[in-house]
Amino acid sequence: GESVGLHLPTLSVQEGDNSIINCAYSNSASDYFIWYKQESGKGPQFIIDIRSNMDKRQGQRVTVLLNKTVKHLSLQIAATQPGDSAVYFCAENLPSGTYKYIFGTGTRLKVLA
Amino acid sequence: DTAVSQTPKYLVTQMGNDKSIKCEQNLGHDTMYWYKQDSKKFLKIMFSYNNKELIINETVPNRFSPKSPDKAHLNLHINSLELGDSAVYFCASSQEGGRVYGNEQFFGPGTRLTVL
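These numbers come from a predicted model, not from an experiment.

A. Molecular detail of the overall build of chain A. In terms of regular secondary structure, chain A is built from 0 helices and 10 strands. Going from the N terminus to the C terminus, chain A shows its helices and strands as β-β-β-β-β-β-β-β-β-β. Relative to the compact-globule value of 13 Å for 113 residues, chain A shows a C-alpha radius of gyration of 14 Å, a close match. Referenced to the eigenvectors of the C-alpha coordinate spread, the extents of chain A come out at roughly 45 × 30 × 25 Å. The distance from the centre of the 11 positive side-chain charges to the centre of the 9 negative ones in chain A is 2 Å.

Put into structure tokens, the structure is as follows:
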């Protein structure tokens, strides 16, 4: 089923430390996953994506890990910076032809100076 | 140049009114979407259009009617506005439904709708 946002979890991290944001997705048939960053007053912005035939993908300072066994995604941000403060969403895409994205609840990342 | 633009950015209106939100993308994408984000930041897809054809219509009241005059535009018309319609509405676009690496969804800046 779809996730329902009861409240927005918050992760507070010291500047320079690594951040790990977790997400549980809902549909075992989903085969494409995306992480988005949403800054205050703006629309979500793509960070990184991964297909279900991979378990890890790296970008610049970000890594996405996929564990299909437990339907879990994580986003790792290396050397977290103040500009990383935002709400982060994972999104799952159901198999081809559906054009449907289901978004997770979101996690607010606060970077402490 | 703005990739996905929405107008207006803010919309304050009374219950019972009819209003429209416009969306335009200049990326040449073939798929466009409308999402609703509530006060708890939960993002939910409402509609998806591919090449002007409705692909996804989630369990959205039929007071909401999307219109796609061409591939670059997807407007959202809302009849008989209710208090619960207050939210931020995001338009997005992607190529091939966004399933190709590098062809992710691009979101507009959002329209904050407040129904009084």
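B. A look at the packing of aromatic side chains. All names here are of chain B. Under the counting rule described, the total for this entry stands at 11 aromatic pairs over all chains. Ring geometry for Phe64 versus Tyr89: centroids 6.3 Å apart, planes at 35°, classification tilted. With Phe64 in strand 7 (residues 64–70) and Tyr89 in strand 9 (residues 87–94), this pair connects stretches of sequence that are 25 residues apart. Each of the two residues, Phe64 as well as Tyr89, counts as buried.

C. Inspection of the pairing of strand 8 (residues 73–78) of chain B at higher detail. Residue and element names in this part refer to chain B. Only one face of strand 8 is buried, namely the one carrying Leu74, Leu76 and Ile78, since none of His73, Asn75 and His77 on the opposite face is buried. The pairing of strand 3 (residues 19–25) with strand 8 spans 4 bridges and is classified as antiparallel. When the bridges of strand 8 are listed, Ser20 appears paired with His77. Pairing of strand 7 with strand 8, which is carried by 5 bridges, proceeds in the antiparallel orientation. Bridge pairing in strand 8 links Pro66 to Leu76. Between strand 7 and strand 8, which pair antiparallel in sequence order, lie 2 residues.

D. Fine view of the sheet that holds strand 7 of chain B. Residues and elements named next belong to chain B. Strand order in the open sheet made by the 4 strands is 1-3-8-7, with antiparallel pairing throughout. Two strands lie at the open edges of the sheet, namely strand 1 (4–7) and strand 7, each paired on one side alone. The average undirected angle you get between the axes of adjacent strands in this sheet is 20°.

E. Main features of the state of the cysteines. All names here are of chain A. Using the criterion set out here, one finds 2 disulfides over all chains in the structure. Through a disulfide, Cys23 is tied to Cys90; the S-S separation comes to 1.6 Å. Pair noted here: Cys23 is in strand 2 (residues 19–24) and Cys90 is in strand 8 (residues 86–93), with a separation of 67 residues, a long-range link. Exposure remark for Cys23: the relative accessible area of 8% places this residue in the buried category.

F. Structural detail: the pairing of strand 2 (residues 10–13) of chain B. Residues and elements named next belong to chain B. Where burial is concerned, the two faces of strand 2 differ: the one with Leu11 and Thr13 is buried and the one with Tyr10 and Val12 is not. Relative to strand 11 (residues 111–115), strand 2 is paired through 4 bridges, and the arrangement is parallel. Bridge pairing links Tyr10 to Arg112 in strand 11.

G. The side chain of Glu104 of chain B, seen in detail. Secondary-structure assignment places Glu104 of chain B in the loop between strand 9 and strand 10 (106–107). Among buried charged residues, Glu104 of chain B stands out as having no salt bridge; its nearest opposite-charge side chain is Arg57 of chain A, 8.6 Å away. Sequence-distant contacts of Glu104 of chain B, defined by excluding residues within four places in its chain, comprise Phe46 of chain A together with His29, Ser93 and Ser94 of chain B.

H. A look at the nonpolar core. Core analysis: the largest hydrophobic core is formed by 20 residues, its most contacted members being Trp34, Met46, Phe47, Phe64, Leu76, Tyr89 and Leu113 of chain B. Those residues in contact with Leu113 of chain B that sit more than four places away from it in its chain are Leu11, Thr13, Ile78, Leu81, Asp85, Ser86, Ala87 and Tyr89 of chain B. One finds Leu66, Tyr88, Cys90 and Leu109 of chain A within the second-largest nonpolar core, a separate group that totals 19 residues.

I. Seen up close, the sheet that holds strand 2 of chain A. All names here are of chain A. The 4 strands lie next to each other as 2-7-6-5, forming an open sheet whose pairing is antiparallel. In the strand order of this sheet, the two ends are held by strand 2 and strand 5 (56–58), each with one partner. Neighbour-to-neighbour, the strand axes of the sheet open up by a mean angle of 15°, direction not taken into account. Where strand 5 lies against strand 6 (residues 62–67), 3 bridges are found, and the strand directions are antiparallel. Note that in strand 6 the partner of Lys56 across the bridge is Leu65.

About the thresholds
- Residues numbered from 1 in each chain as written.
- Chains lettered and ligands numbered in written order.
- Predicted model: local features only at pLDDT ≥ 70, side-chain atom pairs only at ≥ 80, totals over all residues.
- Heavy atoms only, no water.
- Helix = DSSP H or I, 4+ residues; strand = E, 2+ residues; numbered from the N terminus.
- Rg over C-alpha atoms; globule rule 2.2 N^0.38 Å.
- Lys, Arg positive; Asp, Glu negative; His and termini not counted.
- Charge placed at Lys NZ, Arg CZ, Asp CG, Glu CD.
- Phe/Tyr/Trp six-rings, centres within 6.5 Å; stacked < 30°, edge-to-face > 60°.
- Buried < 20%, exposed > 50% of the residue type's maximum accessible area, 1.4 Å probe, protein only.
- Pairing = 2+ DSSP bridges.
- Axes fitted to C-alpha atoms, helices over the stretch in contact; angles between N-to-C directions.
- Disulfide = S-S within 2.5 Å.
- Salt bridge = Lys/Arg side-chain N within 4 Å of Asp/Glu carboxyl O.
- Contact = heavy atoms within 4.5 Å.
- Core = buried A, V, L, I, M, F, W, Y, C linked by side-chain atoms within 4.5 Å.

Fair warning: the whole summary comes from geometry, so function is off the table for now.
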